[in-house]
Amino acid sequence: MKYFHSLLSVTLLALILLSACDSESPVTVESIPIFSTSEISGGETTVFDASSHAFSIPAPNLSTAALAKHLEGDVEFEAVFVTAPAVVNPGLGPIYNNVSCINCHSRDGRGRPPGANEGLVSLLFRLSLPKMEDSGVGKPPTPVPGFGTQLNNRSIVNATPEGKVKIDYTEQTLTTADGTRVHLRHPNYTLTETYQQLPENIEVSPRVAPAVFGLGLLEAIPEEAILAYADEADVDGDGISGKPNYVWDVVKQRYTLGRFGWKANQPTLLQQVAAAYNDDMGITTSLFQTENSAGQPQLTEHSAVPEVSDEILDVVTFYVQTLAVPARRDVDNPQVKHGEQLFAKAQCASCHVPTFRTGVLAGVPSVSNQTIHPYTDLLLHDMGPGLADNRPDFHASGSEWRTPPLWGIGLVQRVNGHTNFLHDGRARNLMEAILWHGGEAEVSRQAVEQMSKAERDALIVFLESL
Ligand code: HEC
Ligand code: HEC
Ligand SMILES: [Ca+2]
Ligand SMILES: [Ca+2]
Ligand SMILES: [Ca+2]
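This report concerns the structure included in the present document. (Residues numbered from 1 in each chain as written. Chains lettered and ligands numbered in written order. Predicted model: local features only at pLDDT ≥ 70, side-chain atom pairs only at ≥ 80, totals over all residues. Heavy atoms only, no water.)

1. Details of the overall build of the chain
- Each helix and strand counted, the chain has twelve helices and 14 strands in total.
- Its C-alpha atoms give the chain a radius of gyration of 22 Å, within 12% of the compact-globule value 23 Å for 466 residues.
- Overall size of the chain, expressed as C-alpha extent along the three principal axes, is 70 × 55 × 45 Å.
- Here the chain holds 466 residues, and 54% of them are scored as buried.
- Pairs at least 24 apart in sequence give 67% of the contacts found in the chain among residues at least 6 apart.
- Accessible area for the chain stands at about 20,100 Å²; split by element, carbon and sulfur atoms hold 56% of it.
- Taking the average place of the 32 positive charges on the side chains of the chain and the average place of its 54 negative ones, the gap between the two points comes to 5 Å. (Helix = DSSP H or I, 4+ residues; strand = E, 2+ residues; numbered from the N terminus. Rg over C-alpha atoms; globule rule 2.2 N^0.38 Å. Buried < 20%, exposed > 50% of the residue type's maximum accessible area, 1.4 Å probe, protein only. Contact = heavy atoms within 4.5 Å. Areas by Shrake-Rupley, 256 points an atom, 1.4 Å probe, with all protein chains shown as cover. Lys, Arg positive; Asp, Glu negative; His and termini not counted. Charge placed at Lys NZ, Arg CZ, Asp CG, Glu CD.)

Quick look at the structure:
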């Protein structure tokens, strides 16, 4: 594994540490401890912070002007929107899921499903109707009349939410080769209190809010580098295909490679952010000028001017492009190293690809030309019926999901106070997340089931070091 011995990254680390020190205590390159280079997860954007703020730090290599732009974006990311007319941040709704970006992406981190007596906060539900036979694959999801492609469970006064969701879990038990019993829970969703009747054949896809750091780096990975891992027909016969999603780019007005969202259903961060304003908050932008409630009785007036300006859209996009990636911890711990070997041996790295080199992202030099360790291939994989939402999304089938990056995953507990993983947050810890893997990852899961307790522990300790 060549990323262990890259002198370049060691030099980068030295530069990062040097620039972080004040001039009164000069640090020589010789006095800096040599870490395994895989610790530097985000290249020059890496920060050494394992606190509860670990996901919220601006990339340390931003210029003064770029940092100012990032901080403007930070303010907008936290801005709470209200019913129009208002002096600050008007335009919320009339129907929406939440009032600010940060409310779902808490501490720039990960959301979770609601607890027993909580409402939905950072979990949302995408909706669609089944596609026609001949217009199916590769097309956007078909909206549900009166509901669109997302259930908006909240509304401003004098409007009606589209409905609510009741969640319950079915417990099941899995026994590993050494006789350890692991409890898994499978979510069941019932849509209730809908403002009008839903069609019977509706497709529902639950999605929790992912963390938003390091995303500019993922956007900067050259398309060819991602496609190099695609093997749709599994020509090399390792049981793993890896398929690019191609989704509609509203700026380019054509289909382009999808990278963001649980099904790689958004092509760029600009479009992802504009879609979040529109779908999640009921706020129009120049990219999506139509309210998400178009055609519904509660939409009484419609502003011709976008509710959020291009300037704000730009700084918020820049903000999620330039949040730092936290460095790994404990990389020299023998148990961590053992876990890393097991990760490779169980074929986890076939999808959770450890290393990429970014290209140039226009206007964002800090994420350009970096060696990064995101542990994702940004491709779609069939994960089997257990994880399927049975709702296709462009080229993603009902059982395909984009490999999520694993960087920072060991800090979720510290930052977000929970360890709920997977697209719907069903897994209550990392081991449950692994044991839900099926489909193309069947062999990986079986390898973990065959491991001794010590090996499984090492694998988890490795993941916690990311
Ligand atoms: C109601 C909760 C909610 C709100 C509000 C929300 N998001 Fe999200 N966000 C999500 C969910 C859920 C996803 C995953 C969507 C998917 O898979 O289609 C997501 C995905 C993203 C992603 C892509 C992450 C990735 O790893 O692919 C970015 C970036 C993002 N949101 C930024 C924002 C910004 C900026 C705002 C405010 C304008 C915002 N979000 C508001 C829930 C929310
Ligand atoms: C065939 C590709 C593939 C392989 C092989 C694979 N994974 Fe995954 N992994 C995924 C996908 C796709 C998801 C998201 C599934 C979902 O959310 O429904 C995922 C999710 C995860 C998550 C939860 C991440 C999150 O953000 O919630 C962890 C942890 C994880 N994998 C670890 C592993 C480990 C450890 C192995 C090896 C034992 C492994 N994976 C093998 C594709 C793969
Ligand atoms: Ca609005
Ligand atoms: Ca809707
Ligand atoms: Ca293959």
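There is more to say after this.
2. Observations concerning the side chain of S399
- The topology assignment puts S399 in the loop between β13 (380-382) and β14 (400-402).
- A relative accessible area of 15% means that S399 is categorised as buried.
- Here the side chain of S399 touches D382 through a polar contact of 3.2 Å, side chain to side chain.
- Each residue touching S399, except ones within four places of it in the same chain, is listed here: K263, H381, D382, M383, G384 and A388. (Polar contact = N/O pair within 3.5 Å; in protein donor to acceptor, adjacent residues only side chain to side chain.)

3. Side note on the coordination of the calcium ion (ligand 5)
- With distances of 2.2 to 2.3 Å, the protein atoms coordinating the calcium ion (ligand 5) are D231 (OD), D234 (OD), D236 (OD), D238 (OD) and I240 (O).
- Site description for the calcium ion (ligand 5): donor spacing in sequence, D-x2-D-x1-D-x1-D-x1-I. (Donors = N, O, S within 2.8 Å, 3.2 Å for Na, K, Ca; no water.)

4. Description of the pairing of strand β6 (residues 181-192)
- Two elements, strand β5 (residues 164-175) and β6, share twelve bridges in a ladder whose sense is antiparallel. If you follow I167 over to β6, its bridge partner there is Y189.
- Two successive antiparallel strands, β5 and β6, enclose a turn made up of five residues, where G179 displays a positive phi of approximately 90°. (Pairing = 2+ DSSP bridges.)

5. Focus: the site of ligand 1
- Contacts to ligand 1 come from 28 residues, most closely from C101, C104, H105, G261 and W262.
- Within the side chain of H105, a nitrogen or oxygen atom sits 2.9 Å from a nitrogen atom of ligand 1.
- Only α3 (101-104), β3 (123-128), β7 (203-208) and α6 (269-281) provide two or more residues apiece to the shell around ligand 1.
- Counting residues per element, the shell around ligand 1 draws most heavily on α6, at seven residues. (Near = heavy atom within 4 Å.)

6. A closer look at the packing of aromatic side chains
- Enumeration over the complete set of coordinates arrives at twelve aromatic pairs.
- Taking the centre distance of 5.8 Å and the plane angle of 80° together, the rings of F343 and Y375 count as edge-to-face. Placement of the pair is F343 in helix α8 (residues 334-345) and Y375 in the loop between β12 (371-372) and β13, with a sequence separation of 32 residues. One exposure class covers both F343 and Y375, and it is buried.
- A cation over an aromatic ring shows up here: K69 above the ring of F318, its NZ or CZ 4.6 Å from the ring centre.
- Geometry around W401 places K263 over its ring, the cationic atom sitting 4.2 Å from the centre. (Phe/Tyr/Trp six-rings, centres within 6.5 Å; stacked < 30°, edge-to-face > 60°. Lys NZ or Arg CZ within 6 Å of the ring centre and 35° of its normal.)

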